[in-house]
Amino acid sequence: MHPSVSKPERAGVEFRVLDVVQVLRDGQSVALGGSRQRALLALLLRTPGQSVAAEGLVEELWAGEPPTGAATTLRSYVSRLRSALGDDAAIVATAAGYAIEVAPERVDAVRFERLIREGESALAVGRAARAGSRVREALALWRGPAYAGTGGTSGMGSALRDESERLEELRLHAIELRFEADLALGRGSVLVDELQALVRAHPYRERLWAQLMLALYRSGRQADALAAYHRARKALDEDLAVEPGEELRSLEAAILRQEVPAVTPQEERHNLPALLTSFIGRGDEIAEAGRILDAARLLTLTGVGGVGKTRLAIEIAWKLIPEFAGGAWFVDLAPATAGALIDRQIATAMGMPEQGGAALADQLASRLREADTLLILDNCEHLREATAQRAAQLLAAVPGLRILATSREALGIPGEVDYPLQPLGLPADDDPDAIRRAEAVSLFLARARAARPRMPDDAPTLVTVAGICRELEGLPLALELAAARAKALSVTEIAAQVHDRFRFLVSWRRLTTARHQTLRKAVDWSYDLLESDAQRTLAQLSVFAGGFSLDAVASVSTDGDDDYALELLTRLTDASLLVVEETDGISRYRLLETIRQYAAERLADNGEADQVREKHAAHFESLAVRAWRPLRFGDDSPKWVAQLARDHDNLRAALAWAREQGDGGRLLRMTESLWWFWWMHGDLMEGAEWLQEALARSPDHSDRLHGRALYGASGLAWARGDLEAASELVTRAMSVAEATGDVMFESAGVNTLALVALLRGDAARAEQMFEAARRRAAMDESDPAWRDQLMATQMNNMGTAAHQQGKLALARQRHEEALDAFRRLGDADGMATAQLQLGLVDADDGRWDAAHDHFVGALRVYDAAGFSHYTAECLDGLAAVANARGMAGQAAVLLGAAVGIRERVSGTPLVADADLRDREAAAARRALGEHELEQELERGRADPDSVIEAALRD
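Residues numbered from 1 in each chain as written. Predicted model: local features only at pLDDT ≥ 70, side-chain atom pairs only at ≥ 80, totals over all residues. Heavy atoms only, no water.

Chemist: What's the story with the overall build of the protein chain in this structure? I'm lost.
Modeler: When its secondary structure is counted, the protein chain shows 45 helices and 13 strands. Dimensions along the principal axes, computed over C-alpha positions, put the protein chain at roughly 110 × 80 × 50 Å. Summarising the internal contacts of the protein chain: among those between residues at least 6 apart in sequence, 69% fall at separations of at least 24. Of the roughly 40,100 Å² of accessible surface on the protein chain, 50% is carried by carbon and sulfur atoms. (Helix = DSSP H or I, 4+ residues; strand = E, 2+ residues; numbered from the N terminus. Contact = heavy atoms within 4.5 Å. Areas by Shrake-Rupley, 256 points an atom, 1.4 Å probe, with all protein chains shown as cover.)

Chemist: I would appreciate a short explanation of helix α20 (residues 476-484) in the present structure.
Modeler: Note: α-helices contain 3.6 residues per turn, so residues at a spacing of three or four share the same orientation. Buried residues dominate α20, accounting for seven of its nine residues. All of the buried residues along α20 are Pro-476, Leu-477, Ala-478, Leu-479, Leu-481, Ala-482 and Ala-483. (Buried < 20%, exposed > 50% of the residue type's maximum accessible area, 1.4 Å probe, protein only.)

Chemist: Just to check I follow, could you spell out the packing of aromatic side chains for this structure?
Modeler: The description of an aromatic ring pair uses the distance of the two centres, along with the angle that the planes make with each other. Enumeration according to the criterion identifies 21 aromatic pairs in this entry. Ring centres of Phe-548 and Tyr-589 lie 6.3 Å apart, and the angle between their planes is 25°; on these two criteria the pair is classed as stacked. With Phe-548 in the loop between α24 (532-541) and α25 (550-557) and Tyr-589 in strand β13 (residues 586-590), the pair connects residues that are 41 residues apart, well separated along the chain. With respect to class, Phe-548 is no different from Tyr-589; both count as buried. Taken together, a centroid distance of 6.1 Å and an interplanar angle of 75° make the contact between Trp-679 and Trp-718 edge-to-face. With Trp-679 in helix α31 (residues 664-681) and Trp-718 in helix α33 (residues 704-720), this pair connects stretches of sequence that are 39 residues apart. Overall, the relative accessible area of 9% leaves Trp-679 in the buried class. (Phe/Tyr/Trp six-rings, centres within 6.5 Å; stacked < 30°, edge-to-face > 60°.)

Chemist: Where do I start with the pairing of strand β1 (residues 13-16) in this structure?
Modeler: Within a regular strand, side chains alternate between the sheet's two faces. Side chains of β1 alternate between two faces, with Val-13 and Phe-15 and Glu-14 and Arg-16 buried alike. The turn joining β1 and strand β2 (residues 22-25), which pair antiparallel and follow one another in sequence, is formed by five residues. (Pairing = 2+ DSSP bridges.)

Chemist: How do you make sense of a negative patch on the surface when you look at a structure like this?
Modeler: On the surface, Asp-551, Asp-561, Asp-562 and Asp-563 cluster together into a patch of negative charge. Relative to the assigned elements, Asp-561 resides in the loop between α25 and α26 (562-574). (Patch = residues over 30% accessible without salt bridge, like charges linked within 9 Å, V, L, I, M, F, W, Y side chains within 5 Å. Salt bridge = Lys/Arg side-chain N within 4 Å of Asp/Glu carboxyl O. Lys, Arg positive; Asp, Glu negative; His and termini not counted. Charge placed at Lys NZ, Arg CZ, Asp CG, Glu CD.)

Chemist: Hey, could you run me through the sheet that holds strand β3 (residues 28-29) in this one?
Modeler: What links the strands of a sheet is backbone hydrogen bonding, and the strands pair in either a parallel or an antiparallel sense. The three strands lie next to each other as β1-β2-β3, forming an open sheet whose pairing is antiparallel. Each edge of the sheet is formed by a strand with only one pairing partner; in this case those strands are β1 and β3. Here β2 pairs with β3 via two bridges, running antiparallel. Counted as the bridge partner of Arg-25 is Gln-28 from β3.

Chemist: Honestly, the environment of Leu-18 in this entry has me stumped. Any pointers?
Modeler: In this structure, Leu-18 sits in the loop between β1 and β2. Leu-18 sits in the buried class, given a relative accessible area of 0%. Residues within four places of Leu-18 in sequence aside, it is in contact with Asp-108, Ala-109, Phe-112, Leu-141, Trp-142, Arg-143, Gly-144, Pro-145, Ala-146 and Leu-167.

Chemist: Would you mind showing me how to read the environment of Pro-427 here?
Modeler: Checked against the element boundaries, Pro-427 lands in the loop between β11 (416-420) and α17 (432-437). Considering only alpha carbons, one finds Pro-427 and Val-463, 36 residues apart in sequence, at a separation of 9.7 Å. With sequence-adjacent residues up to four places away left out, Pro-427 is seen in contact with Ala-434, Ile-435, Ala-438, Val-441, Ala-466 and Arg-470.

Chemist: Looking at this model, I keep getting lost on the pattern of salt bridges. Mind explaining?
Modeler: Close approach of charged atoms lets side chains of opposite charge pair. By the definition in use, this model includes 77 salt bridges. In this structure, Asp-430 engages Arg-470 in a salt bridge whose closest nitrogen and oxygen atoms are separated by 3.2 Å. In this pair, Asp-430 sits in the loop between β11 and α17 while Arg-470 sits in helix α19 (residues 459-471), placing the two residues 40 residues apart along the sequence. Residue classification places Asp-430 among the partly exposed residues on the basis of a relative accessible area of 40%.

Chemist: It is not clear to me how the nonpolar core should be interpreted in this structure. Could you clarify?
Modeler: Across soluble globular proteins, you tend to see nonpolar side chains buried next to one another. If you look at the biggest cluster of nonpolar residues, it comprises 198 residues, and the most contacted ones within it are Phe-444, Trp-679 and Trp-718. By size, the runner-up hydrophobic cluster in this structure holds 85 residues, among which are Phe-15, Val-30, Leu-40 and Val-135. (Core = buried A, V, L, I, M, F, W, Y, C linked by side-chain atoms within 4.5 Å.)

Chemist: Even after reading the chapter, I still don't get the environment of Glu-689, so can you show me in this structure?
Modeler: One can find Glu-689 in helix α32 (residues 684-697). Once the C-alpha coordinates of Glu-689 and Ala-713 are considered, the two residues, 24 residues apart in sequence, prove to be 9.1 Å apart.

Chemist: Sorry, what's going on with the confidence of the model for the protein chain here?
Modeler: Any segment with low pLDDT has predicted coordinates that should not be analysed in fine detail. Per-residue confidence for the protein chain gives a mean pLDDT of 88, with 95% of residues at or over 70. Within the model, pLDDT remains below 50 along residues 5-11, and this stretch shows 28 contacts once partners closer than five positions in the same chain are excluded. (pLDDT = per-residue confidence, 0-100.)

Chemist: What exactly am I supposed to notice about the sheet that holds strand β6 (residues 97-101) here?
Modeler: A sheet is described by the order of its strands in space; here three strands give the open sequence β4-β6-β5, paired in antiparallel fashion. Only two strands of the sheet have a single neighbouring strand rather than two, namely β4 (52-53) and β5 (90-93). By the bridge criterion, two bridges tie β4 to β6 in an arrangement that is antiparallel. Within the sheet, the bridge partner assigned to Ala-53 lies in β6 and is Gly-97.

Chemist: Help me understand helix α23 (residues 519-528), please; the structure alone is not making it clear to me.
Modeler: Every buried residue of α23 is listed here: Leu-519, Ala-522, Val-523, Ser-526 and Tyr-527. Taken down its axis, α23 places every buried residue within 135° of arc, on the same side. The secondary structure elements touched by the buried residues of α23 are α20, α22 (501-504), α24 and α27 (593-606). (Arc of directions from axis to C-beta.)

Chemist: Before we go on, may I ask you to explain the pairing of β6 in this structure?
Modeler: Of all five residues in β6, four are buried, a share of seventy percent or more. Alignment of β5 against β6, held across four bridges, turns out to be antiparallel. Its bridge partner lying in β6, Ile-91 is registered against Ile-100. From the end of β5 to the start of β6, which pair antiparallel, there are three residues.

Chemist: So what exactly am I meant to see when it comes to the side chain of Ser-698 here?
Modeler: Along the chain, the position of Ser-698 falls in the loop between α32 and α33. In terms of polar contacts, Ser-698 uses its side chain to reach the side chain of His-706, at 2.9 Å. Once you skip the residues sitting within four places of it in the chain, Ser-698 turns out to touch Leu-668 and His-706. (Polar contact = N/O pair within 3.5 Å; in protein donor to acceptor, adjacent residues only side chain to side chain.)

Chemist: Teacher, can you tell me more about a nonpolar patch on the surface here?
Modeler: A contiguous nonpolar patch, built from Tyr-204, Leu-240 and Val-242 and spanning about 250 Å² of accessible area, is present on the exposed surface. Considering the arrangement of structural elements, one finds Tyr-204 in the loop between α8 (192-201) and α9 (206-217).

Chemist: Any chance you could explain the side chain of Asn-751 here in plain terms?
Modeler: For Asn-751, the position within the fold is in helix α35 (residues 743-759). Classification of Asn-751 by relative accessible area gives buried; the value is 5%. Polar contacts involving the side chain of Asn-751 include one to the side chain of Asn-797, which spans 3.0 Å. Residues contacting Asn-751, with those up to four places away along its chain left out, are Phe-770, Ala-773, Gln-794 and Asn-797.

Chemist: What should I look at first to understand unusual backbone geometry in this one?
Modeler: Glycine aside, residues mostly have negative phi angles, and peptide bonds mostly take the trans form. Positive phi values are uncommon outside glycine, yet Arg-282 reaches one of about 65°. In this structure Arg-282 comes out as buried when scored by relative accessible area, which is 3%. Notably, Asp-559 is not glycine yet its phi reads approximately 55°, a positive angle. Assignment of secondary structure puts Asp-559 in the loop between α25 and α26.

Chemist: Please explain the packing of helix α30 (residues 648-660) against α31 as it appears in this structure.
Modeler: Closest axis-to-axis distance for the α30/α31 pair is 11 Å, and the angle between their directions is 150°. One finds that α30 runs roughly antiparallel with respect to α31. Helix-helix and strand crossings are classified by hand; for α30 and α31 the assignment is left-handed. From α30, His-648, Leu-651, Ala-654, Leu-655, Trp-657, Ala-658 and Arg-659 reach across to α31, where they touch Arg-666, Leu-667, Met-670, Thr-671, Leu-674, Phe-677, Trp-678 and His-681. Of the residues assigned to the contact of α30 with α31, the class counts are 10 nonpolar, three polar and two charged. (Axes fitted to C-alpha atoms, helices over the stretch in contact; angles between N-to-C directions. Parallel < 35°, antiparallel > 145°, perpendicular 65-115°, else oblique. Left-handed = near helix turned anticlockwise from the far one by under 90°. Nonpolar A, V, L, I, M, F, W, Y, C, P; charged D, E, K, R; others polar.)

Listed below in structure tokens is the structure:
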């Protein structure tokens with residue numbers, strides 16, 4: 001079996017304690033607050049994932065003298081840190097205290113200790129170069145004294161002070177390991193000055209004295225080496241009254257007799273190409289590859305053509321040369337046309353002359369056994385089986401051999417580590433600093449400036465470059481080909497052309513390999529290696545927009561045969577032509593846009609485009625229709641919202657195909673089914689526009705489906721606050737319902753008209769209309785589940801009408817009755833709506849604990865379902881609770897988060913919601929002042945998800 005390694009997290013977040021305690025997010029420091037909050041973070045980071053007792057934290061933070069209310073202050077510190085860290089780490093409350101959930105490798109102290117252990121292990125088996133590399137990487141993590149910024153040594157509790165001292169001792173040990181590795185490699189002469197300084201600073205460390213003596217002796221300075229021994233002896237005797245240890249005394253005797261073993265500097269043997277351009281990014285991948293090759297003997301870099309496998313392999317090999325006494329040998333297998341030529345390619349790369357007698361395979365094995373060797377086998381895909389067989393034979397015959405391979409597909413050898421290489425990182429936003437830090441942008445700019453040295457570096461240019469990189473999805477070959485155009489074109493002109501990538505991205509450099517001269521040839525190389533059924537499937541997958549699931553592929557490409565679909569997807573994934581992503585245990589697939597465009601051309605060439613698009617549209621029409629009932633009834637609506645959200649682009653593509661084909665029936669069926677999803681997901685304008693088009697193209701304006709689509713359009717208009725349009729549309733819907741005998745939609749229509757009256761301030765009339773709607777719904781037996789759900793909704797709305805009239809007891813009674821009805825129906829959304837309304841009643845009645853519990857209960861459901869409008873309303877309600885409890889800062893953060901959510905979906909609060917928000921914002925302003933209010937509002941608006949998470953957790 002060959003394990004697969006996911007690409008390391010790119011940039012992301014880093015936790016530093018080997019200096020000032022800080023958190024870096026994409027290279028930028030996160031504001032953590034004062035020294036005690038930093039100390040709290042440091043205490044939790046000592047043992048990531050493990051609980052630290054709250055009492056111990058209090059004791060540490062106040063150095064054994066906690067003030068009154070320290071426990072409350074600790075909770076405040078925890079809350080602030082949670083807000084600062086956002087999604088980067090979770091500080092969770094445990095039975096005993098708190099724990100921070102973060103990948104240990106994100107903490108510099110954890111990485112430091114792991115690298116030291118690796119260095120010790122390498123040194124123990126004589127791999128001095130590897131040991132030195134690991135220890136240098138470890139020491140580079142130090143930027144100052146450990147745990148700085150937590151109050152100073154005198155202000156630290158004993159735990160941080162002890163940990164700081166332990167890490168400092170380990171740092172000295174690491175320095176000694178580095179010296180030992182360098183001495184073993186014959187580098188003594190360059191160490192003398194540094195060692196002289198260290199023995200002055202640490203005169204009692206005998207290991208440092210011994211290393212200084214060796215460095216002096218091997219530099220031809222025997223007398224100075226003996227003088228160093230006498231200085232060491234004097235320091236130990238005068239200050240500690242002890243004699244030097246046996247190791248130091250033995251070394252002195254060996255120096256006197258000139259019996260110290262000589263060390264010959266290691267010769268670097270390789271044939272690695274000296275590359276003409278700088279290597280950009282991939283720091284995580286290089287470090288990870290080195291660690292993998294410590295433990296595994298075969299590492300295969302896999303990925304789509306043009307992702308940079310060969311270039312990365314060469315860069316990794318350059319870093320590892322010192323660790324392989326037998327050398328690092330680059331073998332390009334692309335020219336080999338048959339498996340029988342592999343040994344000849346390897347022998348030629350290693351400079352092995354033709355010899356008679358023994359077979360070439362035996363000669364290779366004999367040569368490779370001379371010393372630890374790294375082979376880089378590049379471009380294995382076209383000879384995959386032969387390369388796999390030969391690599392397995394060599395690894396079995398030569399224990400000291402490591403192989404670094406590149407291939408579109410893993411070789412499939414037992415013990416192989418398959419390392420899928422992803423495109424370069426893209427900028428998260430259009431902030432100039434964020435753009436500059438992105439690896440894809442760094443590569444493009446470096447290559448473009450080689451062609452045009454005076455290219456501007458202003459913000460508009462950077463934003464344009466970021467757009468080019470996003471369009472090309474960070475694919476290195478595409479970026480290099482696009483950047484080469486900078487000699488003749490501005491970045492604005494390049495940006496206007498890159499959408500036509502197969503025509504535009506062409507190189508005329510004569511020294512470039514053929515498959516790297518155009519983007520098309522790079523993809524051709526992969527496509528031509530596929531079997532015909534996989535080629536056909538790849539072409540068909542181009543009709544999907546965004547990601548897609550196994551069952552969708554089976555429906556579109558294999559006539560419902562899931563097993564065959566999985567086999568084809570596996571083949572394409574193995575060939576690095578599909579990206580696999582997993583969310584919440586669900587695997588989905590997608591094509592890079594470059595591959596999708598190529599596949600679309602192949603589909604057009606096959607003459608199957610219309611047929612496959614029709615299958616695609618039929619599949620997603622079926623999904624939309626099936627989703628309608630579970631979205632409206634039952635407790636699994638969050639699952640269906642998530643499913644439709646994942647396939648939102650595919651649903652749009654299916655709607656677009658229906659419009660293109662003039663298929664009004666499909667448009668009407670899909671839009672009537674999807675309008676509730678659009679409301680929940682916050683896509684109110686998009687839904688309204690699709691419904692408007694579907695209604696205009698409807699083949700029969702008097703049938704039931706047309707009426708129900710009108711009702712959906714009225715619901716979206718009401719949610720947008722467009723009461724005139726809501727009234728007009730629902731009146732038309734009711735006319736169709738009456739003509740077709742659709743009693744349920746007549747009742748639902750009256751309910752909508754009552755909601756309009758409620759928002760216009762006529763609560764008494766609305767109450768009467770809700771009651772009339774309930775009576776009408778009760779008459780219908782055609783759909784009992786919907787009838788009962790609709791009647792529960794109308795009861796809940798009657799409670800809202802009573803609330804608006806100041807009848808709090810009656811409002812609470814009706815909402816509780818509705819809540820019980822929804823609970824019996826298993827309608828989670830309905831229960832949440834009743835809880836939200838109960839929270840508002842309780843808030844007006846001053847029952848703040850009950851209001852809090854109702855708002856949180858509703859928020860939990862709405863957040864899981866992605867129901868943005870009501871999620872924001874829950875946050876406004878929780879802001880009222882916070883204000884009432886004297887926590888105006890928290891109230892402002894909650895109000896800001898509600899604004900952020902509405903901005904994400906281009907939504908505005910309805911009239912009643914706006915009244916609540918304005919009232920609570922005014923209360924927070926009185927408590928905080930304008931400046932602090934705006935700061936806290938912005939904090940919530942910038943990261944609503946973290947605010948919701950904290951509200952649900954706390």
